[in-house]
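Here is what each chain is made of, one letter per residue.
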Amino acid sequence: MTSAGNLSGTLPGAPVKALAPAPLITPTGKKIVLLIAVLSGFITPFDGSAVNVALPIMGAEFQMDAISLSWIATAYLLAAALFLVPFGKIADIYGRKRIYLFGIAIFTLASLAMVLVPSTGLLIAVRVVQGLGGAMIYGTGVAILSSVFPPGERGKALGIYIMSVYFGLTMGPFLGGVLTQYFGWRSIFLVNVPIGIIACLLVLWKLDGEWAECAGESFDLTGSVIYACSLVAVMYGFSLVPDPAGLGLIAFGGILGVAFALYELRIPVPVLDMRLLLNNRVFAFSNLAALINYSATFAVTFLLSLDLQYTKGFSPEQAGLILIIQPAIMAVLSPVAGKLSDRIEPQVVASAGMALTALGLFMLVLVVESTPLWYIILCLVVLGLGFGLFSSPNTNAIMSSVEKRYYGVASGMNGTMRLVGQMFSMGVAMMLFSVFIGPEVITPEFYPQFIMSMHSAFVIFAGLCVLGIGASLMRGKRKPAAVPGTGRE
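The following refers to the structure shown. (Residues numbered from 1 in each chain as written. Predicted model: local features only at pLDDT ≥ 70, side-chain atom pairs only at ≥ 80, totals over all residues. Heavy atoms only, no water.)

With that out of the way, let us pick up the overall build of the chain. A tally of helices and strands in the chain yields 17 helices and zero strands. Counting contacts in the chain only where the partners sit at least 6 residues apart, residues at least 24 apart contribute 85% of the total. Of the roughly 17700 Å² that the chain leaves accessible, carbon and sulfur atoms contribute 73%. (Helix = DSSP H or I, 4+ residues; strand = E, 2+ residues; numbered from the N terminus. Contact = heavy atoms within 4.5 Å. Areas by Shrake-Rupley, 256 points an atom, 1.4 Å probe, with all protein chains shown as cover.)

By the secondary structure assignment, Ile267 is in the loop between helix H9 (244-266) and helix H10 (275-279). Relative accessible area serves as the criterion here: at 15%, Ile267 is assigned to the buried category. The spatial distance from the C-alpha of Ile267 to the C-alpha of Asp220 is 8.8 Å, given a sequence separation of 47 residues. Excluding residues that lie within four positions of it along the chain, Ile267 makes contacts with Asp220 and Arg275. (Buried < 20%, exposed > 50% of the residue type's maximum accessible area, 1.4 Å probe, protein only.)

Moving on, we come to the pattern of salt bridges. With the rule as written, the count across this model stands at three salt bridges. Across the pair Arg186 and Glu61 runs a salt bridge whose closest N-O atoms are separated by 2.9 Å. Within this pair, whereas Arg186 is found in the loop between helix H5 (151-183) and helix H6 (187-190), its partner Glu61 is found in helix H1 (residues 27-62), the two being separated by 125 residues in sequence. On the basis of relative accessibility, which here comes to 22%, the residue Arg186 falls in the partly exposed class. Between Lys312 and Asp307 there is a salt bridge whose closest N-O contact spans 2.9 Å. No difference in accessibility class separates Lys312 from Asp307, as the two residues are buried. (Salt bridge = Lys/Arg side-chain N within 4 Å of Asp/Glu carboxyl O.)

As a further point, take the packing of helix H14 (residues 346-364) against helix H17 (residues 447-473). Orientation of H14 relative to H17, taken along the N-to-C sense of each, is 165°, at an axis distance of 8 Å. The pairing of H14 with H17 is recorded here as roughly antiparallel in orientation. For the pair H14 and H17, the sense of crossing is left-handed. In this structure, H14 contributes Gln347, Ala350, Ser351, Met354, Ala355, Thr357, Ala358, Leu361, Phe362 and Leu364 to the contact, and H17 contributes Phe458, Phe461, Ala462, Cys465, Val466, Gly468, Ile469, Ser472 and Leu473. Within the contact of H14 with H17, the residues separate by chemical class into 14 nonpolar, five polar and no charged. (Axes fitted to C-alpha atoms, helices over the stretch in contact; angles between N-to-C directions. Parallel < 35°, antiparallel > 145°, perpendicular 65-115°, else oblique. Left-handed = near helix turned anticlockwise from the far one by under 90°. Nonpolar A, V, L, I, M, F, W, Y, C, P; charged D, E, K, R; others polar.)

Glancing now at the packing of helix H3 (residues 96-114) against helix H7 (residues 192-206). The description of two helices packed together rests on the angle between their axes and the distance between the axes. Remark: H3 packs on H7, axes separated minimally by 9 Å, with the N-to-C direction vectors making an angle of 160°. In this view, H3 runs roughly antiparallel relative to H7, as classed from their interaxial angle. Handedness of the crossing formed by H3 with H7: left-handed. The segment H3 lies against H7, with Lys97, Tyr100, Leu101, Ile104, Ala105, Phe107, Thr108, Ser111 and Leu112 engaging Asn192, Val193, Gly196, Ile197, Ala199, Cys200, Val203 and Leu204. Along the lines of polarity and charge, the residues of the contact of H3 with H7 split into 12 nonpolar, four polar and one charged.

Attention shifts here to H5. Taking 1.5 Å per residue as the helical rise, H5 with its 33 residues ought to reach 48 Å, and the 45 Å between its terminal C-alpha atoms agrees with that figure. The largest bend in H5 amounts to roughly 30° and is located at Gly172, with the proline Pro173 lying one to four residues further along. (Expected span 1.5 Å × (residues − 1). Bend = angle between axes of the 7 residues up to and from the residue.)

Of all hydrophobic cores here, the largest spans 148 residues; its most connected members are Trp185, Leu303, Leu361, Leu364 and Phe461. At 16 residues, the largest contribution of residues to this core is made by helix H11 (residues 281-311). Discounting residues that sit within four places of it in the chain, Leu361 has contacts with Ala296, Val300, Leu383, Phe458, Phe461, Ala462 and Cys465. Phe87, Ala91, Ile99 and Met136 belong to the second-largest nonpolar core, a separate cluster that totals five residues. (Core = buried A, V, L, I, M, F, W, Y, C linked by side-chain atoms within 4.5 Å.)

Taken together, Ile197, Leu201, Leu204 and Trp205 make up a surface patch of nonpolar side chains, about 450 Å² in accessible area. Following the sequence through the fold, Leu201 ends up in helix H7. Judged by its relative accessible area of 34%, Leu201 falls in the partly exposed class. (Patch = residues over 30% accessible without salt bridge, like charges linked within 9 Å, V, L, I, M, F, W, Y side chains within 5 Å.)

Examined against the element boundaries, Thr140 turns out to sit in helix H4 (residues 120-148). Classification of Thr140 as buried rests on a relative accessible area of 0%. It is 9.0 Å that separates the C-alpha atoms of Thr140 and Tyr407, two residues lying 267 residues apart in sequence. Excluding its chain neighbours within four sequence positions, the residues that come into contact with Thr140 are Ala91, Arg96, Ile99, Tyr100 and Ser411.

Remember, this is a structural readout, not a statement about activity or role.
What follows is the structure in structure tokens.
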């Protein structure tokens, strides 16, 4: 691996293609691009965090057991993870704006369909369609921003974008709780519809030009299929543990994952260029840190939402007001941390954030049924500070470590680490539910088993975050940002 943190020229074995000319963006155009990214960046996390608060009510309506309840959140993440890598590459070939628009439209239509679902099976199926739309948004949004904003401005732009993501996370528990309590859980999906329509109209009317730096390259269908089969095997295996078939599926998925990596290294135009990981130290360890961080944090809101409503007796509205604390702090801190990472090495800022996150997770291990509310709030504050310091600088480090033709790949890899991490986090929670609770509805007689599941998850997550601190520190320093007019842009 190189320590410089930037690849020059083309990757080994990759055919040289004529780059599609990038559109010229005026200062006003940059603001429009950022506004579109902010709108789409809000609705996807809002949906996920609002659903977490609504899960007990949804489970009661459809008489869902603990494992099935987990699949409401996991189905979306799994679908998003399956399609993000392929659509990241497709966007590089056929145009990021086009795929971005399709993604927002599909996500919006699926959100409308969620209002009409009559059964558990259809509910999970529509969540899969939402995940498909989300994958098309995730794989292109950051890439378009990185194409439009130069290195000296990129950290600030990414910070504002990630602030919108955290604002969605912030409003999700609050609005989700209020809407669920007074209008039913289906109402939370209607919020996405007008926002999605506005974002689509802005893309159609205001976003000129197209970004397709890999126009003319072929698409790696074989690698995409191997990758998808690997993720499905692992996640379905998690839901079957401790059954031997579940362990076998997890092992099979792991083998497919290795086969995918080896296959991608052998072909000239891979769907996920593993050579970026092998030849770029900053890129590799920044992505590893992101994977670990999301693996250790995503299921926390899911578990605490269930804990607050089941074992502590809070209403969805009250649980949402409590859970809003963590993402609110993240939303406030994210732009500051992003701007800070334009001046200070992201390695330093992100590593400090990872350390705070580990501390917050260790504190959550002590939570029991009798734990006072102020202590849970303190844990959420520490976690909010930690993740707020980590995410923007880490994303800035990833996108600043590659040249423009690989922005789509880098954005796709970054999104993949996020979604696979979130999926793994939910997989751990699902596996622990399967081990401690089994196919049972979470009723008072199973509260002790639920608490054991939650404690075990927090121990695993805290240990992961300690490893993440090491990964964040090992990334090294990025290459100095380009300065327009000096020949380094």
